[in-house]
Amino acid sequence: MKLISCATGEEIQTGRKLHVQSGAAAGQTWKFERIALDASGEHHVHASRPGGKLGRIHRGFHPSVFGCEISVDITWRKSVGHVAYRTWSQVAGYVLAGIFALGPLALYEHFHWSEWIVEFLGL
């Protein structure tokens, strides 16, 4: 995700100062921290500014307040690679769990019930 200025069309880097262009806080300067996903599913600009004795004041703004827009640029390769990585890590975890579970089971059957299992199966 990128924060793009509507006026110039350039990407705004993290840490850059943003000036509020509309609303009650018009004219204030905020430091761009990150792009955050809101509970409603919308992307907001997370920004902060000095707050005196309180440290820094953190707030989330709609990008239009700063005259910006958010560009989501997820490529299909990155998405497919992430899914493949997660799938492989899950499969590897389950295989290792299966191996660790079969070891004690094999030892138990070998030493305790091996004669009974052979008789039951008719081997």
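Source: prediction; values computed, not measured.

## Focus on the sheet that holds strand S6 (residues 56–61)
So, point 1. One open sheet accounts for 4 strands, arranged S3-S4-S5-S6; its pairing is antiparallel. Two strands bound the open sheet, and with one partner strand each, they are strand S3 (17–19) and S6. Direction aside, the axes of adjacent strands within the sheet are offset by 45 degrees on average.
So, point 2. Strand direction decides the pairing type here: strand S5 (residues 43–50) and S6, joined by 6 bridges, are antiparallel. Its bridge partner being in S6, Ser 48 is matched across the sheet by His 58.

## So, the confidence of the model for the protein
So, point 1. For the protein, the average pLDDT comes to 84, and 93% of its residues sit at 70 or higher.
So, point 2. Ranking the elements of the protein by mean pLDDT puts helix H2 (residues 114–121) last, at 70, and strand S4 (residues 29–37) first, at 91.

## Focus: the nonpolar core
So, point 1. Counting residues in each nonpolar core, the largest one holds 13 residues, and the members touching the most others are Leu 3, Leu 18, Phe 32 and Phe 66.
So, point 2. Going through the elements one at a time, S4 and S5 are the ones with two or more residues in this core.
So, point 3. The element best represented in this core is S4, accounting for 3 residues.
So, point 4. Setting aside its immediate chain neighbours within four residues, Phe 32 contacts Leu 3, Ile 12, Gln 13, Thr 14, Gly 15, Arg 16, Leu 18, Val 45 and His 46.

## A few points about the packing of aromatic side chains
In this description, an aromatic ring pair is defined by two values, namely the gap between the centres and the angle between the planes.
So, point 1. Using the criterion set out here, one finds 2 aromatic pairs in the structure.
So, point 2. With 4.8 Å between their ring centres and 70 degrees between their planes, Trp 30 and Phe 61 make a pair best called edge-to-face. With a gap of 31 residues between them, Trp 30 in strand S4 and Phe 61 in strand S6 connect regions that are remote in the sequence.
So, point 3. We classify Phe 61 as buried; its relative accessible area is 13%.
So, point 4. Relative to Phe 66, the ring of Phe 61 has its centre 5.2 Å away and its plane inclined at 75 degrees; by these criteria the two rings are edge-to-face. Judged on exposure class, the residue Phe 61 and its partner Phe 66 are both buried.

## Here we look at the pattern of salt bridges
Two side chains carrying opposite charge are able to pair once their charged atoms lie near each other.
So, point 1. If you walk through the whole model with that rule in mind, you get 1 salt bridge.
So, point 2. With its nearest N and O atoms 3.2 Å apart, the salt bridge here joins Glu 10 to Arg 16.
So, point 3. Among the residues examined, Glu 10 registers a relative accessible area of 41% and is labelled partly exposed.
So, point 4. Classification of Arg 16 by relative accessible area gives partly exposed; the value is 38%.

## Description of the sheet that holds strand S2 (residues 11–12)
So, point 1. Reading across from one edge, S2-S1-S7 is the order of the 3 strands in this open sheet, with antiparallel pairing throughout. Each of the sheet's edge strands pairs with one partner strand only, and the pair in question is S2 and strand S7 (68–71).

## What about the environment of Trp 30?
So, point 1. Overall, Trp 30 belongs to the buried group, its relative accessible area being 1%.
So, point 2. A C-alpha to C-alpha distance of 9.5 Å links Trp 30 and Phe 66, two positions 36 residues apart in sequence.
So, point 3. What Trp 30 contacts, discounting residues up to four positions off in sequence, is Arg 16, Lys 17, Leu 18, Val 20, Ala 47, Ser 48, Arg 49, Ile 57, Arg 59, Phe 61 and Phe 66.
So, point 4. A polar contact of 3.2 Å, which involves the side chain of Trp 30, links it to the side chain of Gln 28.

Parameters at a glance
- Residues numbered from 1 in each chain as written.
- Predicted model: local features only at pLDDT ≥ 70, side-chain atom pairs only at ≥ 80, totals over all residues.
- Heavy atoms only, no water.
- Pairing = 2+ DSSP bridges.
- Helix = DSSP H or I, 4+ residues; strand = E, 2+ residues; numbered from the N terminus.
- Axes fitted to C-alpha atoms, helices over the stretch in contact; angles between N-to-C directions.
- pLDDT = per-residue confidence, 0-100.
- Core = buried A, V, L, I, M, F, W, Y, C linked by side-chain atoms within 4.5 Å.
- Buried < 20%, exposed > 50% of the residue type's maximum accessible area, 1.4 Å probe, protein only.
- Contact = heavy atoms within 4.5 Å.
- Phe/Tyr/Trp six-rings, centres within 6.5 Å; stacked < 30°, edge-to-face > 60°.
- Salt bridge = Lys/Arg side-chain N within 4 Å of Asp/Glu carboxyl O.
- Polar contact = N/O pair within 3.5 Å; in protein donor to acceptor, adjacent residues only side chain to side chain.

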